[in-house]
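Each chain, letter by letter, is given below.
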Amino acid sequence: MVVPHHPAGARLARHRLAGELADVVAPTLLADLIAVLAELVGNAVRHARPLPGGVVRVAWRLRPSAQGTLIQLGVTDGGGASTAPRLRTASTDAADGRGLHIVAGLATRWGVERDGMGQRVWAEFDPTPAPRPNLVPAG
């Protein structure tokens, strides 16, 4: 699907993903998928150029495996700076710089593919994810 290269694009992508996968994946995994997709689209809007037509391409695919279903999310944009997206160290009072840490923490693996037309940032979720510590909601 394509969404506008605009903050509203992340909302459209989240709603479409949730609608298509709500009956296919566990609610906790769906929440992780939605969070990662929102980060990837948000990063594309903030840090990259749009594709022709002022859009960002968003895709997901489910692939069966012996352990279950592998899910891959991908966001393609027109590319940005001369360096590929990467994890950054953000100071405690920085307003941004944590998005890819969220992606790396929720996804099994992630990466960037670049070509002459732009870049695709992807994240994969294995069917048998590593256990995460129980988190306690704040206040």
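Keep in mind the model is a prediction, meaning the values are calculated, not measured.

*Asks:* I would appreciate a short explanation of the sheet that holds strand 5 (residues 118-125) in the present structure.
*Replies:* Remark on secondary structure: sheet strands pair via backbone hydrogen bonds, oriented parallel or antiparallel. As summarised here, the arrangement of the five strands in space is 1-2-3-5-4, forming an open sheet in which the pairing is antiparallel. Pairing within the sheet leaves two strands with one partner each, and these edge strands are strand 1 (2-4) and strand 4 (109-115). Adjacent strand axes in the sheet meet at a mean angle of 20 degrees, parallel and antiparallel pairs treated alike. Across nine bridges, the pairing between strand 2 (residues 55-65) and strand 3 (residues 68-77) is antiparallel. In the strand pairing of strand 3, Leu-62 is matched with Ile-71. Of the strands in this sheet, strand 1, strand 2, strand 3 and strand 5 are in contact with helix 2 (residues 27-47), which crosses strand 3 at around 15 degrees.

*Asks:* I would appreciate a short explanation of the side chain of Gln-72 in the present structure.
*Replies:* Relative to the elements of secondary structure, Gln-72 occurs in strand 3. Residues within four places of Gln-72 in sequence aside, it is in contact with Ala-59, Trp-60, Arg-61, Arg-120, Trp-122, Ala-123 and Glu-124.

*Asks:* Sorry if this is basic, but what is going on with the pattern of salt bridges here?
*Replies:* Where charged atoms of side chains with opposite charge meet at close range, the side chains can pair. Summed over all chains, the structure comprises four salt bridges. With its nearest N and O atoms 2.7 Å apart, the salt bridge here joins Arg-16 to Glu-20. You can see Arg-16 and its partner Glu-20 sitting in helix 1 (residues 7-21), four residues apart, about one turn around the helix. With its nearest N and O atoms 3.2 Å apart, the salt bridge here joins Arg-120 to Glu-113. Several salt bridges converge on common partners, so that one network encompasses Arg-109, Glu-124 and Asp-126.

*Asks:* I'm lost on the nonpolar core in this one. Help?
*Replies:* As a rule of thumb, nonpolar side chains are buried together in soluble globular proteins. In this structure, Leu-37 and Val-41 are the most contacted members of the largest nonpolar core, which totals 26 residues. Not counting residues within four places of it along the chain, the set of residues in contact with Leu-37 comprises Ala-13, Arg-14, Leu-17, Val-58, Trp-60, Leu-73 and Val-75.

*Asks:* Which parts of the structure should I look at to understand the confidence of the model for the protein?
*Replies:* If pLDDT is low for a region, its predicted coordinates should not be looked at in detail. Per-residue pLDDT for the protein averages 86, and the proportion of residues at 70 or more is 80%. For the protein, per-element mean pLDDT is lowest for helix 3 (residues 99-106), which scores 88, and highest for strand 1, which scores 97.

*Asks:* Looking at this structure, how should I read the pairing of strand 3?
*Replies:* Among the ten residues in strand 3, eight count as buried, and that is most of the element. Between strand 2 and strand 3, which pair antiparallel one after the other, the connecting turn spans two residues. Bridge count for strand 3 against strand 5 is seven bridges, and the pairing is antiparallel. If you follow Asp-77 over to strand 5, its bridge partner there is Gln-119.

Criteria and thresholds
Residues numbered from 1 in each chain as written. Predicted model: local features only at pLDDT ≥ 70, side-chain atom pairs only at ≥ 80, totals over all residues. Heavy atoms only, no water. Pairing = 2+ DSSP bridges. Helix = DSSP H or I, 4+ residues; strand = E, 2+ residues; numbered from the N terminus. Axes fitted to C-alpha atoms, helices over the stretch in contact; angles between N-to-C directions. Contact = heavy atoms within 4.5 Å. Salt bridge = Lys/Arg side-chain N within 4 Å of Asp/Glu carboxyl O. Core = buried A, V, L, I, M, F, W, Y, C linked by side-chain atoms within 4.5 Å. Buried < 20%, exposed > 50% of the residue type's maximum accessible area, 1.4 Å probe, protein only. pLDDT = per-residue confidence, 0-100.

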